[in-house]
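So you can see what is in the structure, the chains are spelled out below.
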Amino acid sequence: MADESDEENLNIPTNNQSENRSDEIIPTTDTDYVTRNQEIENMEVHHHPDVHHKSKKLKEYFLEFLMIFLAVTMGFFAESFREHLVDIKKEKGYIVSLKEDLLTDTSILTSIIPRAQLQYKKLDSLCILLKLAAAGDAYNIHRLYYLNFNYSFGLILFDQNERTISQIKSTGAFNLIQNKDVKDNITSYDIFYAGAIKNEAVDVANWMSDCNKMSQKIFDYSLVNTFGFRGGAEIFLNDSLPLKLISTDSMLVKEYMNKVKSLMMMLDSHLSLEIKQLEDGKKLIDLLNEEYHLE
């Protein structure tokens, strides 16, 4: 029996131990491959978060929309308010500048209107003397010269200060003026000057120039070069100054007299326009002071 056992033991393959060892040993390359696959799977898990969020409620969407809407609206109103403040500042600047121009206008009109009124009266006296000269009646030739050289020309005509109004019209800044009453009065003041006073002033100046040319056919202008205008045309009131008319032709003198009378009519019409412009200018200044608190 012992022999059989030994034989059986001898018949057991000698490579059992090697087979067991081969089963236990895992190749290095396979281990690395498995490890890398596990790492990749882990990375895939970490880099792909769960995209399945819970859906928001309608109320949350509405609140988000409301917040965005309010932010945009408030920004719009803030910008509009800022622009409004800038426009108010510009408007006030234009109004202050316009008032300065109006003060200049009214000052000039206040000065030249009495001068024009006096000139109208003196031209009437000139016509009386010319009528006497045309009729061959006695007259004071020194006074005739004085009136002709002092009042038949040299009229000071009103020239509006258009500095601010021109700037307002050229830049479109007229829309900045919000007060309708102020805007209407500024427009009326400007149109009245451009449409009435300025045009008529040109006619008066041209007519006065024609009068001066015609008077040179009657009065001796060489005396002006000889004696000058020392102290104005009052020099001709000197009785010792030898004066005479170049022409005493009654038709020519009468024609000149009619020319002077026409000048008087034009001057009277122009005076009424300047007086109205002065009144409108003062009213506009008062309106600007009241509406924009300039005083």
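First things first, this report covers the structure right here in the doc. Owing to the predicted nature of the structure, the values given are computational and were not obtained by experimental measurement.

1. Concerning the pattern of salt bridges
Side-chain pairing between opposite charges can occur once the charged atoms of the two side chains come close. One pass over the structure, following the stated rule, counts 5 salt bridges. Asp-101 is paired through a salt bridge with Arg-163; the nearest N and O atoms lie 2.8 Å apart. In this pair, Asp-101 sits in helix α4 (residues 58–135) while Arg-163 sits in helix α6 (residues 163–171), placing the two residues 62 residues apart along the sequence. The exposure class of Asp-101 is buried, given its relative accessible area of 2%. One salt bridge in this structure joins Lys-276 and Asp-280, with 2.7 Å as the shortest N-O distance. Highlighted residues: Lys-276 and Asp-280, both in helix α9 (residues 250–292), separated by 4 residues, approximately one helical turn. Under the relative-accessibility criterion, Lys-276 is labelled partly exposed at 36%. Look at the salt bridges and you will find they share partners, linking Glu-100, Asp-101 and Arg-163 into a network.

2. Concerning the state of the cysteines
Linking two cysteines covalently via their sulfur atoms produces the bond known as a disulfide. Tallied over the entire structure, the rule returns 0 disulfides. With no disulfide of its own, Cys-127 lies closest to Cys-211 among cysteine sulfurs, the gap being 9.0 Å. You can call Cys-211 buried: its relative accessible area is 1%.

3. Focus: the packing of aromatic side chains
Within this structure, the stated rule accounts for 9 aromatic pairs. For the pair Tyr-145 and Phe-236, a centre-to-centre distance of 5.6 Å together with 35° between the ring planes defines the contact as tilted. Residue Tyr-145 is located in helix α5 (residues 141–151), and its partner Phe-236 is located in the loop between α8 (222–227) and α9; the two are separated by 91 residues in the primary sequence. A relative accessible area of 0% places Phe-236 in the buried class. Grouping aromatic residues by their ring pairs yields a cluster made of Tyr-145, Phe-149, Phe-219, Tyr-221, Phe-236 and Tyr-256.

4. Things to note about the environment of Val-253
Summarising the element assignment, Val-253 is placed in helix α9. Since its relative accessible area comes to 1%, Val-253 is described here as buried. Val-253 sits 123 residues away from Leu-130 along the chain, and the two C-alpha atoms are 6.5 Å apart. Ignoring any residue separated from it by four or fewer positions in sequence, one finds Val-253 in contact with Leu-130, Ala-133, Ala-134, Ile-218, Ser-247 and Thr-248.

5. With respect to the packing of helix α7 (residues 180–215) against α9
Where α7 contacts α9, the axes come no closer than 9 Å and their chain directions differ by 160°. Relative to α9, the element α7 is oriented roughly antiparallel. In this structure, α7 meets α9 at a crossing whose hand is left-handed. Of the residues that constitute the contact of α7 with α9, the class distribution is 22 nonpolar, 7 polar and 10 charged.

Conventions we followed
Residues numbered from 1 in each chain as written. Predicted model: local features only at pLDDT ≥ 70, side-chain atom pairs only at ≥ 80, totals over all residues. Heavy atoms only, no water. Salt bridge = Lys/Arg side-chain N within 4 Å of Asp/Glu carboxyl O. Helix = DSSP H or I, 4+ residues; strand = E, 2+ residues; numbered from the N terminus. Buried < 20%, exposed > 50% of the residue type's maximum accessible area, 1.4 Å probe, protein only. Disulfide = S-S within 2.5 Å. Phe/Tyr/Trp six-rings, centres within 6.5 Å; stacked < 30°, edge-to-face > 60°. Contact = heavy atoms within 4.5 Å. Axes fitted to C-alpha atoms, helices over the stretch in contact; angles between N-to-C directions. Parallel < 35°, antiparallel > 145°, perpendicular 65-115°, else oblique. Left-handed = near helix turned anticlockwise from the far one by under 90°. Nonpolar A, V, L, I, M, F, W, Y, C, P; charged D, E, K, R; others polar.

Purely geometric numbers; function is a separate question.
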